[in-house]
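Overview (structure and organization)
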Amino acid sequence: MNAMHRHLTACAAESARVTRGVTPEQLAAPSRCTDWTVRELANHLVLYGAHGLEHRALRTELPEETVQRDFTADADWAERYAAQLDRALAAWAKPEAWEGEIDLGGSGMPAGEIAAMLVLELALHGWDLAHSTGQEYQVPEETGAFVLEVVGRYAEMYREYEGFDAPAATEDGAPAFTRALALSGRKA
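Conventions we followed
Residues numbered from 1 in each chain as written. Predicted model: local features only at pLDDT ≥ 70, side-chain atom pairs only at ≥ 80, totals over all residues. Heavy atoms only, no water. Salt bridge = Lys/Arg side-chain N within 4 Å of Asp/Glu carboxyl O. Helix = DSSP H or I, 4+ residues; strand = E, 2+ residues; numbered from the N terminus. Core = buried A, V, L, I, M, F, W, Y, C linked by side-chain atoms within 4.5 Å. Buried < 20%, exposed > 50% of the residue type's maximum accessible area, 1.4 Å probe, protein only. Contact = heavy atoms within 4.5 Å. Expected span 1.5 Å × (residues − 1). Phe/Tyr/Trp six-rings, centres within 6.5 Å; stacked < 30°, edge-to-face > 60°.

Scanning the entire structure with this criterion turns up 11 salt bridges. Here D70 ties to R39 by a salt bridge, and the two come within 3.5 Å at their closest N and O atoms. In this pair, D70 is assigned in the loop between α3 (64-67) and α4 (77-92) and R39 in helix α2 (residues 38-58), connecting sequence segments 31 residues apart. The partner of R186 in a salt bridge is D128, with the nearest N and O atoms 2.8 Å apart. Here R186, found in the segment after α7 (176-183), pairs with D128, found in helix α5 (residues 111-132); they are 58 residues apart in sequence, far enough to count as distant. In this structure, a network of salt bridges that share partners links the residues R69, D74, D76 and R80.

Ranked by internal contacts, the top residues of the largest apolar core, which has 59 residues, are L8, W92, L122 and Y137. Counting only elements with at least two residues in this core, the list comes to α1 (3-20), α2, α4, α5, α6 (141-160) and α7. In terms of residue count, α5 provides more of this core than any other element does, 14 residues in total. Apart from residues lying up to four places away in sequence, L122 is in contact with L8, C11, A12, S15, L45, G49, L53, Y81, L85, W127 and Y137.

Before going further, it helps to spend a moment on unusual backbone geometry. Leave glycine aside and you will find that most residues have negative phi; peptide bonds, for their part, are mostly trans. Although it is not a glycine, R59 adopts a positive phi angle of roughly 65°. Checked against the element boundaries, R59 lands in the loop between α2 and α3. Residue class for R59 comes out partly exposed when judged on its relative accessible area of 33%. Despite not being glycine, E162 shows a phi value in the positive range, around 60°. Note that E162 resides in the loop between α6 and α7.

Moving on, we get to the environment of L45. The residue L45 is located in helix α2 in this model. Linking L45 and A88, residues 43 residues apart in sequence, is a C-alpha distance of 13 Å. Apart from residues no more than four positions distant in its own chain, L45 is found in contact with S15, T19, A50, Y81, E121, L122, H125, G126 and L129.

Next up on the list: α7. Buried within α7 we find A176, F177, A180, L181 and A182. Those residues of α7 that are buried are in contact with α5 and α6. Looking one or two residues past α7, G185 carries a phi angle of roughly 90°, positive in sign.

Further remarks concern α4. Taking 1.5 Å of rise per residue, the 16 residues of α4 would be expected to cover 22 Å, and the 22 Å separating its terminal C-alpha atoms lies within 8% of that figure. For α4, every residue scored as buried is listed here: W77, A78, Y81, A82, Q84, L85, A88, L89, A91 and W92. Where α4 is buried, its residues touch α1, α2, β1 (101-103) and α5.

Our focus in this paragraph is the packing of aromatic side chains. Scanning the model with the defined rule gives 4 aromatic pairs in all. Taken together, a centroid distance of 4.6 Å and an interplanar angle of 15° make the contact between Y158 and F164 stacked. Ring pairing ties together the aromatic residues Y154, Y158 and F164, which thus form one cluster.

Spelled out as structure tokens, the structure:
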């Protein structure tokens with residue numbers, strides 16, 4: 001298993017843990033993501049951080065009915081999310097998932113770079129969901145360092161498309177994941 005798969009696995013496990021801690025009453029509340037409720041954030045995380053994760057590895061399109069679905073309408077949505085994450089991680093465990101490019105609607109990107117961006121999807125939106133619902137989000141230091149490196153590579157592009165805010169301040173000596181959050185414009 002390659003190092004990036006370990007980071008995907010760590011972020012998936014923590015995101016699954018966080019979703020299990022979301023209560024039905026919290027779903028209608030505002031999230032830390034501007035203009036999204038907790039329900040909308042959770043649905044985004046399930047769609048792109050689990051279904052999208054698997055479909056990218058398999059080089060298949062997300063079905064329209066999946067894109068339109070309210071996953072949180074199911075009482076067992078968090079368990080279904082965890083099961084979908086397991087399927088996605090199994091798809092990325094195959095060597096062919098890391099070969100070649102993945103189409104992004106007319107242009108290709110190396111599979112490893114797509115996987116790196118999906119680590120960000122899980123880590124950053126997992127943290128958003130955790131902090132929107134009064135939970136913590138923790139990853140191993142090695143994963144935090146990887147997330148920081150990838151955020152650094154893509155921060156300006158994400159800001160250009162309004163996915164990241166301006167960088168936030170951090171304390172000297174802050175852990176790598178905390179610095180990655182700040183670089184992405186997230187304030188603890």
